[in-house]
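# Per-entry structural report
What follows is each chain in one-letter form.
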There are 2 protein chains.
Amino acid sequence: MTLDAHITRLIPYADDSDFSLANLPYGIYSTASKTRRVGVAIGEGILDMAQLYELDLFNDIDTLAENVFDKTTLNDFIKTGSATWTLVRKKIIQVLTLPEQTIQKNITRLFDLQSTATMHLPVQIFNYTDFYSSEAHATHVGKLFRPHGEPLLPNWKHLPVAYHGRASSITLSGSMVTRPQGQYLKENAPVFGLTQELDFELELGYIVGRENQLGHPIAIAEANEYVFGAVILNDWSARDIQRWEYQPLGPFLGKNFATSISPWVVTMEALKPFRVDLLSTQSPAVLDYLKDPRPQVLDLDLHVAMSIPDHAPVTITRSNSKYLYWTLAQQIAHHTINGCNLLVGDILATGTISGWEEASCGSLLEMTHNGSRPLTIADQKRTYLQDGDGITMLCNGRRPGINLGFGPLMNKIVANPYTPYTSI
Amino acid sequence: MTLDAHITRLIPYADDSDFSLANLPYGIYSTASKTRRVGVAIGEGILDMAQLYELDLFNDIDTLAENVFDKTTLNDFIKTGSATWTLVRKKIIQVLTLPEQTIQKNITRLFDLQSTATMHLPVQIFNYTDFYSSEAHATHVGKLFRPHGEPLLPNWKHLPVAYHGRASSITLSGSMVTRPQGQYLKENAPVFGLTQELDFELELGYIVGRENQLGHPIAIAEANEYVFGAVILNDWSARDIQRWEYQPLGPFLGKNFATSISPWVVTMEALKPFRVDLLSTQSPAVLDYLKDPRPQVLDLDLHVAMSIPDHAPVTITRSNSKYLYWTLAQQIAHHTINGCNLLVGDILATGTISGWEEASCGSLLEMTHNGSRPLTIADQKRTYLQDGDGITMLCNGRRPGINLGFGPLMNKIVANPYTPYTSI
């Protein structure tokens, strides 16, 4: 399939574009003349779904009686359900590939260039759950945080460990991350100050697409139907704050100052070709409610590039989402087995995705062995992040004839304006 | 102050009513003929704020240009700010105490009886944070969960420990709590089944009334201004599930199946007379950002009554919110010191409020020493909750001439309809 010639005259479209016809991710954007609305990325352009709706192209889809694309978040479109997502995807492909009289007339108002658009949070996020599903990551962190115990705690291979993160502080690619202040141990005494161990965590975040009622578990065989799509997610962490606070109730201020996500939601439909079987059989065997009839993960390359001021970014990590131990279906079945209800727009994150090698780790904590082995970035030593440093995360899938990417998740660290801090 | 005679003819009002003129809590209610709206509890009645607004009584308040009472949650009213809350409170007292021609004409449409009203969640809750601020509770739990270590972890007296709870599963008084299923240890092996250790936790939940920007800490001297009011909160817990899952990331499925709150939000203004100094000085001294210029807690009696099928409820706990170690201002200063942003409608819960005595404990875990010492309720033994059992929580403040209550928070346990569970 190739783009219609009318469109490529307006919208540059390279064959290896992240935003190929095989992708068609959804986002929320605005321009100088357009208020926030739903768009679909294609090449270097955006298809304006709110305008497309006005061309009466969706009249035959009952669930689209309202223009759910003329909204400030994707939530209403997502709520129309998976059958509608499929119908809309077909319609978009039709529009982009067949020269049609209607489209031709409206072609300029139907498309915008990404370079002139502002992206916004794609969904209203109600609840944010962060799993801990990479065995390499959990092992690395366990060794560093509990050097005298078994790195993997006894529950880790029996259930997908998770905790509730903070939804309010989720921001978009491009946002500045203010270096947090807080309390941590220094020479065994609690002190107050700027975190000295600011870190990133490389993750994917899944957007919930369907709700279950409170009290009603989602069976594992149906779990994948509850997901709309995925974004790249950076779960920013302050390791010194986290290490001092996290027992017994888990991470709090070490995490909740910022989490950032990439703006385009790549649909589960687009990700289907990248499903592969789990790399290794889970052992010990899991309890029945976690037995995934088709245990699969996504084969997506994940790269992290780090930049220091006045230098080009340097790739420091090459990981892959197929390294995960737990499947998405297992995570959802576990999350809801007690009746916990998921809402459309909730984010379920994978947890840091690390491989076993240093060059495939998803956090500086792991790569630098908690700051004891600095990296060299453009001739400078780095353990944790300094003000002005930037982190860019990329996610790509490659199959013969199929090529897609998520678009970059890029954020910079900025100095905290509240230092020295006087609270009264 | 007494109620206007016109009103008491319609609305029974006892001098010792929870909903006295000193209280005036806000809630969301509907009736057979009225859609959801803001109401204020008074005696056995509800003042219909949406209707009151239509009488042009609020014309002189600029921030009330829109009828923020004709809404399905309190969020829009809360967002008008604390100066407006005070003006509205004055206006309500005026309406209830002065016989006015306008009111007299409209008196029947202005009031409803609580007995004919349905209550709804008072706020849209975006984020739910649960602290762990009772020293007696943390000590009791520490002894039971970590019998071989120090009961209080080293960080506990240096910072108000907290974690993020689940917002989506917060329900109202009257809701049924389905016994959750999940994974827990039995004879040292993980098994799947219905929780055998279903428990309540007696807490207060504070409703955030004002937002801080991401990256901007709230100074402790200003922290109390960020709170609108309080509800009773029951943080339902499955102890067997919690014990197996909670390390290293904290409680998840052991808690997120249900949290319930009482329907009436008692304002911080109404609670002012109940502020008392901290019972004992915090030692060791806290870091500067946690130094509360006026460290106070609320002197409110908290009662828990338990019912078993076919028997009247029996009071099993008499606690008090003045037993808390950390102040609300300290909790807020800590929560935001890293720049974490609070949203209007967020809930900040105290954590279980226990005294040092068994009869003042806020959970069955503590009272029964993890099920080893059963309670006797109406001649039956109880360790943890059984299907059909009910828990009622009450909260009251008493001062000479001032009397207020929150109204009961009452829920019942129901059997899980998904047993035996087949997931595929």
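What this report covers is the structure whose coordinates are included nearby.

The rules behind each value
- Residues numbered from 1 in each chain as written.
- Chains lettered and ligands numbered in written order.
- Predicted model: local features only at pLDDT ≥ 70, side-chain atom pairs only at ≥ 80, totals over all residues.
- Heavy atoms only, no water.
- Helix = DSSP H or I, 4+ residues; strand = E, 2+ residues; numbered from the N terminus.
- Rg over C-alpha atoms; globule rule 2.2 N^0.38 Å.
- Contact = heavy atoms within 4.5 Å.
- Areas by Shrake-Rupley, 256 points an atom, 1.4 Å probe, with all protein chains shown as cover.
- Least-squares fit on C-alpha atoms with pLDDT ≥ 70 in both.
- Salt bridge = Lys/Arg side-chain N within 4 Å of Asp/Glu carboxyl O.
- Buried < 20%, exposed > 50% of the residue type's maximum accessible area, 1.4 Å probe, protein only.
- Pairing = 2+ DSSP bridges.
- Polar contact = N/O pair within 3.5 Å; in protein donor to acceptor, adjacent residues only side chain to side chain.
- Axes fitted to C-alpha atoms, helices over the stretch in contact; angles between N-to-C directions.
- Buried area = accessible area lost by both parts, 1.4 Å probe.

Check the secondary structure of chain A and you find ten helices and 27 strands. At 22 Å, chain A has a C-alpha radius of gyration in line with the 22 Å of a compact globule built from 424 residues. Once the C-alpha set of chain A is aligned to its principal axes, its extents read approximately 75 × 55 × 50 Å. Counting contacts in chain A only where the partners sit at least 6 residues apart, residues at least 24 apart contribute 73% of the total. For chain A, the exposed surface amounts to about 15,700 Å²; the carbon and sulfur share of it is 50%.

Superposing chain B onto chain A takes a rotation of 180° combined with a translation of 0.0 Å along the rotation axis, leaving an RMSD of 0.0 Å. The operation mapping one copy onto its partner corresponds to a two-fold rotation axis. Of every C-alpha in chain B, the one belonging to Gly250(B) sits nearest the axis of rotation, 2.1 Å from it. Comparing interface residues between copies, 100% of those in chain B also sit at the interface in chain A, which points to an isologous, same-surface contact.

What follows deals with the pattern of salt bridges. Residue and element names in this part refer to chain A. Taken as a whole and judged by the stated rule, the model has 40 salt bridges over all chains. For the salt bridge of Glu66 with Lys71, the shortest nitrogen-to-oxygen distance reads 2.8 Å. Residue Arg179 is joined to Asp387 by a salt bridge in which the shortest nitrogen-to-oxygen separation is 2.7 Å. On the criterion of sequence distance, the pair formed by Arg179 in the loop between strand E9 (176-178) and strand E10 (181-186) and Asp387 in the loop between strand E24 (380-382) and strand E25 (390-399) is long-range, its members being 208 residues apart.

All names here are of chain A. Across the eight residues of strand E14 (residues 227-234), eight count as buried, placing the element largely inside the fold. Inspection of the sheet shows strand E13 (residues 202-208) paired to E14 by seven bridges, in the antiparallel sense. Within E14, the residue paired with Glu203 across the bridge is Leu233. Here two bridges tie E14 to strand E17 (residues 266-267), and the two strands are oriented antiparallel to one another. Among the inter-strand pairings, Ala230 is bridged to a residue of E17, identified as Val266. Bridge count between E14 and strand E16 (residues 259-261): two bridges; the pairing is antiparallel. Its bridge partner lying in E16, Leu233 is registered against Ile261.

The next point concerns the environment of Tyr13(A). Residues and elements named next belong to chain A. Among the secondary structure elements, Tyr13 is positioned in the loop between helix H1 (5-10) and strand E1 (26-30). In sequence terms Tyr13 and Leu3 are ten residues apart; their C-alpha atoms lie 8.2 Å from each other. Excluding residues within four positions of it along the chain, Tyr13 makes contact with Leu3, Thr8, Phe19, Ser20, Leu21, Ile42 and Gly43. Among the polar contacts made by the side chain of Tyr13, one reaches the main-chain amide nitrogen of Leu21 at a distance of 3.0 Å.

Here we take up the environment of Thr35(B). Residues and elements named next belong to chain B. Looking at the element boundaries, Thr35 is found in the loop between strand E1 (26-30) and strand E2 (37-42). A relative accessible area of 56% places Thr35 in the exposed class. A sequence separation of 267 residues divides Thr35 from Leu302, and the C-alpha atoms of the two residues are 32 Å apart.

Turning our attention to unusual backbone geometry. Pro248(A) follows Gln247(A) through a cis peptide bond whose omega is 5°. Considering the arrangement of structural elements, one finds Pro248(A) in the loop between helix H7 (239-245) and E16. With an omega of 5°, the peptide bond between Ser283(B) and Pro284(B) qualifies as cis. Tracing the chain through its elements places Pro284(B) in the loop between strand E18 (275-277) and strand E19 (296-298). Positive phi, close to 45°, is recorded for Glu187(B), a residue that is not glycine. Note that Glu187(B) resides in the loop between strand E10 (181-186) and strand E11 (189-194).

Okay, the side chain of Glu135(A) next. Residue and element names in this part refer to chain A. For Glu135, the position within the fold is in helix H6 (residues 135-145). In terms of polar contacts, Glu135 uses its side chain to reach the side chain of Lys157, at 3.0 Å. Non-local contacts of Glu135, meaning those with residues more than four positions away in its chain, are made with Leu152, Trp156, Lys157, Tyr325 and Trp356.

To continue, consider the sheet that holds strand E4 (residues 111-113) of chain B. Residues and elements named next belong to chain B. Taken in spatial order, the five strands make up an open sheet running E4-E3-E2-E1-E5, and their pairing is antiparallel. Because the sheet does not close on itself, it has two edges, and the strands there are E4 and strand E5 (118-120). For this sheet, the mean inter-axis angle between neighbouring strands, taken without regard to orientation, is 45°. Relative to E2, E1 is paired through four bridges, and the arrangement is antiparallel. If you follow Gly27 over to E2, its bridge partner there is Gly39. The strands touched by helix H4 (residues 82-97) within the sheet are E1, E2, strand E3 (45-48) and E4, with E1 carrying the most contacts at an inclination of about 65°.

Quick look at the sheet that holds strand E5 (residues 118-120) of chain A now. Residue and element names in this part refer to chain A. Overall, antiparallel pairing links the five strands, which are arranged E4-E3-E2-E1-E5 in an open sheet. If you trace the sheet from one side to the other, it starts and ends with strand E4 (111-113) and E5, each paired once. Strand-to-strand twist across the sheet, computed as the mean angle between neighbouring axes with direction ignored, equals 45°. The pairing of strand E3 (residues 45-48) with E4 spans three bridges and is classified as antiparallel. Its bridge partner being in E4, Ile46 is matched across the sheet by Asp112.

Before going further, it helps to spend a moment on the side chain of Ser17(B). Residues and elements named next belong to chain B. Take Ser17: it is sitting in the loop between helix H1 (5-10) and E1. Within the local environment of Ser17, its side chain forms a polar contact with the backbone nitrogen of Phe19, the two atoms lying 2.9 Å apart. Not counting chain neighbours up to four residues away, the residues in contact with Ser17 comprise Gly43 and Asn403.

Moving on, we come to the interface of chain B and chain A. A common way to report how large an interface is uses the accessible area buried once the components associate. Between chain B and chain A, the residue contacts involve 66 residues of the former and 67 residues of the latter. Interface of chain B and chain A: buried area, both sides summed, is about 6,100 Å²; carbon and sulfur atoms make up 63% of it. By the criterion of area lost to chain A, the three top residues of chain B are Arg166(B), Leu249(B) and Phe252(B), representing 13% of everything that side buries. At the junction of chain B with chain A, the criterion picks out two salt bridges. Note that Arg166(A) is salt-bridged to Asp346(B), the shortest N-O span being 2.8 Å. In this structure, the connection of chain B to chain A is made through 30 residue pairs in polar contact (both at pLDDT 80 or more).

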